[in-house]
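Reading the structure
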Amino acid sequence: SLVTIRDRDGANALAGFGSAKGSNEEAYLFQKLVRTGFGTNNVDHCTRLCHASSVAALLEGVGSAAVTATFNECKNSDVIIVIGANPTENHPVAATFFKQAAKRGAKLIVMDPRGQTQGIARYASHVLQFKPGRDVALLNAMLHTIVEEGMVDVQYVQAMTEGFEAMKERVKKFSPEAMEPVCGIPAATIREVARLYARSERSLIFWGMGISQHTHGTDNARCLIALALVTGQIGRPGTGLHPLRGQNNVQGASDAGLIPMFFPDYKSVEDATIRSVYDEFWGTQLPPKRGLTVVEIMHAIKDGVIKGMYVMGENPAMSDPDVQHAREALAHLEHLVVQDIFLTETAWHADVVLPSSAHAEKWGTFTNTNRQVQIARPVLDPPGEARQDWKLIQSLARGVGLKWNYTDVSEVFGEMAQMMPSLNNITWSRLLAEDAVTYPCDAPDKPGNEIIFATSFPTRSGRAKIVPADLLPPHEVPDDEYPLVLTTGRLLEHWHTGSMTRRASNLDALEPEAIAGLNPREMDKRGIPPGGYVRVVTRRGEVVLKARADRDVAEGMVFIPFAFAEAPANMLTNPQLDPMGKIPEFKVCAARIEKLERTREAAE
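Scanning the protein from terminus to terminus reveals 23 helices and 25 strands. For the protein, whose C-alpha radius of gyration is 24 Å, the value lies close to the compact-globule estimate of 25 Å for 604 residues. If you line up the protein on its principal axes, its C-alpha atoms span 65 × 65 × 45 Å. By residue count, 61% of the 604 residues in the protein fall in the buried class. Sequence separation of 24 or more characterises 74% of the internal contacts of the protein that already satisfy a separation of 6 or more.

Here it is, written out as structure tokens:
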């Protein structure tokens with residue numbers, strides 16, 4: 001059992017993966033259990049695989065990991081940049097705000113290695129289909145233009161930021177003319193877009209995992225933060241920075257401390273003063289060192305360091321990079337407890353499976369990408385022997401020796417609110433009355449603030465930090481053996497690893513099998529018919545799937561969605577990490593394609 005491993009091998013022989021699909025209260029209790037019951041900071045969740053580098057850059061730059069403006073602010077924007085995101089398929093609610101803004105007359109600028117001609121790009125005034133992994137080249141060229149052409153908001157920079165001179169020096173070598181062959185965008189287009197963004201009264205930047213899922217993902221986000229800061233496009237209506245979160249509670253789970261280096265509200269676990277407050281509040285002595293992240297935990301299992309794990313609502317057997325390595329690690333564990341609503345690929349490796357409750361079956365709060373804390377009410381009873389997740393966590397906590405006695409989920413929210421300044425003036429009773437409240441909130445009777453950082457930043461100096469970024473290539477680039485670039489992502493019909501949506505018959509009927517998206521010209525060149533089978537191979541593995549003609553995919557690229565267990569894209573992806581955000585490089589790796597003359601079944 002987990003207790004046996006803890007007592008025999010020490011606290012750091014255990015780890016926990018929580019869930020961004022669960023509630024804030026579940027996330028809070030989960031990380032509290034791992035820290036106080038297991039005695040380790042080895043606790044993480046899927047934000048490590050989606051926006052960890054964005055969080056790292058935002059905390060470094062502006063002192064907060066939250067969005068500075070909600071997507072409602074599109075109605076006030078003159079220019080909207082959407083970069084590294086496919087909102088029509090991955091963020092369809094946010095996409096409606098972008099489309100409405102464009103119809104109103106706002107300039108919508110789409111930047112992505114995938115063209116998205118069938119999606120959001122149809123509403124764009126500019127589409128910059130740059131080369132994969134060359135984000136810094138493009139963004140630094142925009143910064144160069146803004147500095148060179150005198151479009152810096154000097155007053156704002158002097159009053160509200162630090163680090164400008166270092167950035168100014170760094171971008172001197174990144175002229176649009178020099179970067180044109182690097183990023184594949186004409187210098188004149190780069191200059192035009194930079195002018196539009198800097199000179200408009202109100203500009204807003206949104207970005208997705210195309211920015212974050214790189215070994216240089218933190219640098220990508222640093223460039224976007226710098227763009228906003230040097231032009232003063234932050235802290236006012238219609239301006240700001242917004243990383244588009246994917247799962248329904250990525251923001252809330254991160255806020256609640258479901259990450260290895262932070263307590264709730266991003267307080268460092270390695271700060272002795274902060275830790276002493278939690279020692280007293282939780283009634284135990286907490287571990288002083290940051291824990292391991294998702295990918296690092298898998299390596300530690302293979303190395304024999306971590307021997308037991310508790311997984312709630314996560315599916316690392318599908319979501320981790322290099323899933324073959326992850327599955328071998330899960331099979332190597334001495335004891336694995338999985339808590340989920342379905343028998344996922346991960347649950348098949350478990351020694352114990354705890355049947356939990358789905359979103360519609362529970363009370364709890366969820367914090368969306370707009371910083372809106374929303375209350376959820378049950379409309380169904382859990383089936384069979386399934387139980388509320390927070391009750392399962394509490395039972396496990398009692399089993400490892402903790403004397404927890406929560407009688408209602410509202411008590412958990414009340415405890416969170418005591419330790420999380422972000423929840424100031426937001427109470428359970430207020431949520432019951434109003435359904436949703438945006439944080440930060442200045443008073444119990446005032447609405448929350450959709451715009452933040454109008455007068456200062458939550459950094460030690462009160463100023464935002466401009467951090468220069470240099471151009472680094474992807475960890476793996478095409479060569480003679482692997483001449484193509486593989487990129488991965490989601491489909492509109494299938495969510496994440498498909499553990500829920502592939503069980504929905506209507507959705508699965510729309511997208512029933514794994515596909516590889518290829519440019520029609522690439523398919524013609526290789527003699528691959530639409531619907532023909534291909535084998536996609538990287539240095540880590542191979543999968544067989546159907547080819548689909550997709551004009552949005554550039555020549556020299558292949559796109560594979562990662563929701564299909566029968567052809568897992570993450571069997572192929574590169575597990576190399578961003579050094580600061582510890583996020584894998586899902587968006588770029590070298591690959592080759594082999595045309596198959598036989599059907600998939602015969603090929604296998």
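Among the residues making up helix α19 (residues 409-419), those that are buried are V409, V412, F413, E415, M416 and M419. Buried residues of α19 fall within an arc of 160° about the axis and therefore sit on the same side.

For helix α14 (residues 272-282), the complete set of buried residues consists of R275, Y278 and W282. An end-on view of α14 places all buried positions within 60° of arc, on one side of the element. Opposite the buried face of α14, by more than 90 degrees, sit the exposed residues T273 and E280. Tucked inside the fold, the buried residues of α14 contact α2 (24-38), β9 (262-263) and α19. Of the residues that open α14, the one with a side-chain oxygen 2.9 Å from the backbone nitrogen of T273 is D271. Following α14 by one or two positions, G283 adopts a phi angle in the positive range, close to 70°.

This part covers the sheet that holds strand β4 (residues 107-111). Overall, parallel pairing links the 5 strands, which are arranged β5-β4-β3-β7-β8 in an open sheet. Edge positions in the sheet fall to β5 (126-128) and β8 (240-243), since each of these pairs with one other strand and no more. The sheet shows a mean angle of 15° between the axes of neighbouring strands, direction not considered. Sheet topology places strand β3 (residues 79-83) next to β4; 5 bridges connect them, and they run parallel. Paired with V82 across the bridge in β4 is V110.

The next subject is the side chain of E415. Secondary-structure assignment places E415 in helix α19. A polar contact is formed between the side chain of E415 and the side chain of K32, at a distance of 2.8 Å. With residues near it in sequence (within four places) discarded, E415 still touches Y28, K32, F281, W282 and Y406.

Pairing geometry for strand β14 (residues 364-367) and strand β15 (residues 372-376), over 4 bridges, is antiparallel. Paired with G364 across the strands is A376, a residue of β15. Hairpin connection from β14 to β15: 4 residues lie between these consecutive antiparallel strands, with R371 at a positive phi of about 70°. The pairing of β15 with strand β16 (residues 436-438) spans 3 bridges and is antiparallel. From the neighbouring strand, V373 faces β16, where its bridge partner is V437.

Let us look at the environment of V379. If you trace the backbone, V379 turns up in the loop between β15 and α18 (389-399). As a C-alpha pair, V379 and V558 span 179 residues in sequence and 42 Å in three-dimensional space.

Each aromatic ring pair is characterised by the separation of its centres together with the angle its planes make. Scanning all chains against the criterion turns up 12 aromatic pairs. An angle of 20° between the planes, with centres 4.4 Å apart, marks the rings of F263 and Y278 as stacked. Of this pair, F263 sits in strand β9 while Y278 sits in helix α14; the two residues are 15 residues apart in sequence, bridging distant segments of the chain. The pair F263 / Y278 is uniform in exposure class, with both members buried. When the centroid spacing of 6.4 Å and the interplanar angle of 50° are considered together, the rings of W363 and W428 count as tilted. Here W363, found in the loop between β13 (352-355) and β14, pairs with W428, found in helix α20 (residues 428-434); they are 65 residues apart in sequence, far enough to count as distant.

In this section: a nonpolar patch on the surface. A contiguous nonpolar surface patch, about 210 Å² in accessible area, is contributed by I341, F342 and M500. Judged by its relative accessible area of 30%, F342 is partly exposed.

This brings us to the nonpolar core. Membership of the largest hydrophobic core comes to 56 residues, with the highest contact counts inside it found for I83, M111, M142, W207, L227 and F457. Setting aside its immediate chain neighbours within four residues, I83 contacts M111, F130, L139, F206, W207, G208, I211 and L224. Counting 53 residues, the second largest nonpolar core, distinct from the first, contains A13, L258, V409 and W428.

Enumeration according to the criterion identifies 36 salt bridges in this entry. Among the salt bridges present, the one from K546 reaches E513, with a minimum N-O distance of 2.9 Å. Within this pair, whereas K546 is found in strand β21 (residues 541-549), its partner E513 is found in the loop between α21 (505-510) and β19 (515-518), the two being separated by 33 residues in sequence. The exposure class assigned to K546 is partly exposed, which follows from its relative accessible area of 25%. Classification of E513 as partly exposed rests on a relative accessible area of 29%. When the shortest N-O distance is used, the salt bridge between E522 and R526 registers 2.8 Å.

With that out of the way, let us pick up the sheet that holds strand β18 (residues 484-489). Here we have 6 strands rolled up into a closed barrel, ordered β18-β22-β19-β21-β20-β25, and mixed in their pairing. Looking at each pair of strands side by side, their axes are set apart by 45° on average, direction ignored. Where strand β20 (residues 533-538) and β21 come together, 6 bridges link them in antiparallel fashion. Its bridge partner being in β21, V536 is matched across the sheet by V543.

What follows is about the packing of helix α6 (residues 135-148) against helix α12 (residues 217-231). Following both chains from N to C, one finds α6 and α12 inclined at 15°, their axes separated by 9 Å at the closest point. With respect to each other, α6 and α12 are oriented roughly parallel. For the pair α6 and α12, the crossing hand works out as left-handed. Residues D135, V136, L139, N140, M142, L143 and I146 of α6 touch α12, and the partners they reach there are D219, N220, C223, L224, A226, L227, V230 and T231.

Rules and cut-offs
Residues numbered from 1 in each chain as written. Predicted model: local features only at pLDDT ≥ 70, side-chain atom pairs only at ≥ 80, totals over all residues. Heavy atoms only, no water. Helix = DSSP H or I, 4+ residues; strand = E, 2+ residues; numbered from the N terminus. Rg over C-alpha atoms; globule rule 2.2 N^0.38 Å. Buried < 20%, exposed > 50% of the residue type's maximum accessible area, 1.4 Å probe, protein only. Contact = heavy atoms within 4.5 Å. Arc of directions from axis to C-beta. Polar contact = N/O pair within 3.5 Å; in protein donor to acceptor, adjacent residues only side chain to side chain. Pairing = 2+ DSSP bridges. Axes fitted to C-alpha atoms, helices over the stretch in contact; angles between N-to-C directions. Phe/Tyr/Trp six-rings, centres within 6.5 Å; stacked < 30°, edge-to-face > 60°. Patch = residues over 30% accessible without salt bridge, like charges linked within 9 Å, V, L, I, M, F, W, Y side chains within 5 Å. Areas by Shrake-Rupley, 256 points an atom, 1.4 Å probe, with all protein chains shown as cover. Salt bridge = Lys/Arg side-chain N within 4 Å of Asp/Glu carboxyl O. Core = buried A, V, L, I, M, F, W, Y, C linked by side-chain atoms within 4.5 Å. Parallel < 35°, antiparallel > 145°, perpendicular 65-115°, else oblique. Left-handed = near helix turned anticlockwise from the far one by under 90°.

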